[in-house]
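As a plain string of letters, each chain reads:
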Amino acid sequence: MWTGKHIRSPLVRSLFLSMVAEGEAADQQEWYRCCPDLLGESVRPLFVQSHLDSDTKAFLKRSQEKSGWLFTQLYHSLVSTVLSPMVSRTSINGFLGRGSMFVFSPDQFQQLLRIDPDWKAERLLDLGAGDGGVTEVMGVHFRQVYVTEVSPPMKWHLQRRNYTLLAIDEWQHTGFQYDVISSLNLLDRCDDPLHLLREIRSSLVPKTGRLVLAAVLPFQPYIEVGGKWERPKEHLKIAGKMWEEQVTNLCNEVFKRAGFELEAVTRLPYLCEGDMYNDYYVLDDAVFVLKASEDASDSPR
């Protein structure tokens, strides 16, 4: 990405940087844009408008700075090239300490759940927690934080944060339930997404328990196996081409089948730290707050 640092004229450089900044600002506002008229009638009143805030800007600034660390980025590129045929991308990032994700800021999380900064509950479970960066945003509101992760280097990062690490076949059978379960950009990366949703529903505290779920749209499910991408065993087909159409289909079809109903939804950028080629990477996220529907017990398993 050309930053204009090689432009000799101060005036031309200033004009160039101003144009770049204006273009980036316009692009970044698109990350949050939604056309409510395209949402289904039951979804429309539950949409929450989000905005670019100071915490998101701070993450972008840090990512831009790291992208400029030339020798670090060359080392990361070399290691990634050597390991990628044998090791998952997630584990490579965990080993290198790079690729941190940003889903929402503390203010955005509180706005979605409609909670105060001082709100506290007993237990949070973050499924597929990665390095724990997003877990930290949510974890301040809970007395006990539980996490799952399959990548060994990421498990190490989570244990360093003093989170309670549970196996992927253990969190459903602990003998207690969770006030909030988060599944952030996991639904399109698991083998049996409907089964996962039903297990989450049965693991939530009755009535007050909530699921915070993020999904990249357009929905393109793949699972990573030994550095290769494969189709999952259960392939969810989400109708619609536009963000709003797929959000509506997820709410009215997929979540309903799993015994959930919508409480809130917003559009946010799913951000990842960049490399020597890009300052950061961004995907379109839909972030939902779901609760078990009253007739959830009648949902097919």
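Look up a bit, the structure's there.
Here is what the cut-offs are and how they apply
Residues numbered from 1 in each chain as written. Predicted model: local features only at pLDDT ≥ 70, side-chain atom pairs only at ≥ 80, totals over all residues. Heavy atoms only, no water. Phe/Tyr/Trp six-rings, centres within 6.5 Å; stacked < 30°, edge-to-face > 60°. Helix = DSSP H or I, 4+ residues; strand = E, 2+ residues; numbered from the N terminus. Buried < 20%, exposed > 50% of the residue type's maximum accessible area, 1.4 Å probe, protein only. Core = buried A, V, L, I, M, F, W, Y, C linked by side-chain atoms within 4.5 Å. Contact = heavy atoms within 4.5 Å. Pairing = 2+ DSSP bridges. Axes fitted to C-alpha atoms, helices over the stretch in contact; angles between N-to-C directions. Parallel < 35°, antiparallel > 145°, perpendicular 65-115°, else oblique.

Colleague: How should the packing of aromatic side chains be read in this particular structure?
Modeller: To describe a pair of aromatic rings, one takes the distance between the centres and the angle between the planes. Evaluated as defined, the whole model comprises 9 aromatic pairs. Residues Y146 and Y178 carry aromatic rings whose centres are separated by 5.9 Å and whose planes lie at 75 degrees to one another, so their mutual orientation is edge-to-face. Of this pair, Y146 sits in strand β3 (residues 142-147) while Y178 sits in the loop between β4 (164-165) and β5 (180-184); the two residues are 32 residues apart in sequence, bridging distant segments of the chain. Take Y146: its relative accessible area is 8%, and that puts it in the buried class. Y178 gets classed as buried once you look at its relative accessible area, which sits at 0%. Between the aromatic rings of F176 and Y178, the centroid separation amounts to 5.5 Å while the plane-to-plane angle is 75 degrees, which identifies the pairing as edge-to-face. Residue F176 is classed as partly exposed on the basis of its relative accessible area of 25%. Three or more aromatic residues joined by ring pairs make a cluster, and in this case those are Y146, F176 and Y178.

Colleague: When you look at unusual backbone geometry in this model, what are you seeing that I'm missing?
Modeller: Between L217 and P218 the backbone carries a cis peptide bond, its omega angle lying at 5 degrees. Among the secondary structure elements, P218 is positioned in the loop between β6 (210-216) and β7 (223-225). Its identity is not glycine, yet R114 carries a phi of approximately 60 degrees, on the positive side. Within the fold, R114 resides in the loop between α5 (106-113) and β2 (121-127). Relative accessible area serves as the criterion here: at 62%, R114 is assigned to the exposed category. The backbone of N185 shows a phi angle near 55 degrees, a positive value even though the residue is not glycine. By secondary structure assignment, the location of N185 is in the loop between β5 and α8 (193-203).

Colleague: Hey, could you run me through the environment of P45 in this one?
Modeller: Relative to the helices and strands, P45 is located in the loop between α1 (10-30) and α2 (54-67). Looking at P45, the relative accessible area reads 64%, which means it is exposed. In the structure, P45 is positioned 218 residues away from E263 in sequence and 9.8 Å away in space, judged by C-alpha atoms.

Colleague: Would you mind showing me how to read the nonpolar core here?
Modeller: Considering soluble globular proteins, one finds that nonpolar side chains tend to be buried as a cluster. Among the nonpolar cores identified, the biggest contains 38 residues, and L197, I200, L211, V247, F255, F260 and F288 are the most heavily contacted of them. Within the residue set of this core, elements represented by two or more residues are β2, α8, β6, α9 (243-257), β9 (260-273) and β10 (280-292). Here this core gets 6 residues from one element, more than from any other, and that element is α9. Sequence-distant contacts of F255, that is, excluding residues within four places in its chain, are made with L187, L197, L213, L250, F260, F288 and L290. With 36 residues, the next largest nonpolar core counts V48, V212, V287 and V289 among its residues.

Colleague: It is not clear to me how the environment of E41 should be interpreted in this structure. Could you clarify?
Modeller: Relative to the elements of secondary structure, E41 occurs in the loop between α1 and α2. For E41, a relative accessible area of 69% corresponds to the exposed category. Here the alpha-carbon distance between E41 and T248, two residues 207 residues apart in the chain, equals 8.9 Å.

Colleague: Is there a simple way to think about the sheet that holds strand β1 (residues 101-102) in this case?
Modeller: The strands making up a sheet associate through hydrogen bonds between their backbones, and the pairing can be parallel or antiparallel. Sheet architecture is open: 8 strands sit in the order β1-β9-β10-β6-β5-β2-β3-β4, paired in mixed fashion. Two strands in the sheet have a free side with no partner beyond their single neighbour: β1 and β4. Where β2 meets β3, 5 bridges bridge the pair, whose relative direction is parallel. When the bridges of β3 are listed, R123 appears paired with Q144. Strands β2, β5, β6, β9 and β10 of the sheet are contacted by α8, whose axis makes an angle of about 160 degrees with β5.

Colleague: For this particular structure, what's the right way to read the packing of α8 against α9?
Modeller: The relative placement of two packed helices comes down to the angle between their axes together with the axis-to-axis distance. Closest axis-to-axis distance for the α8/α9 pair is 8 Å, and the angle between their directions is 70 degrees. Considering their axes alone, α8 and α9 lie roughly perpendicular with respect to each other. Packed against α8, whose contacting residues are L194, L197 and R198, the element α9 presents V254, F255 and R257 at the interface.

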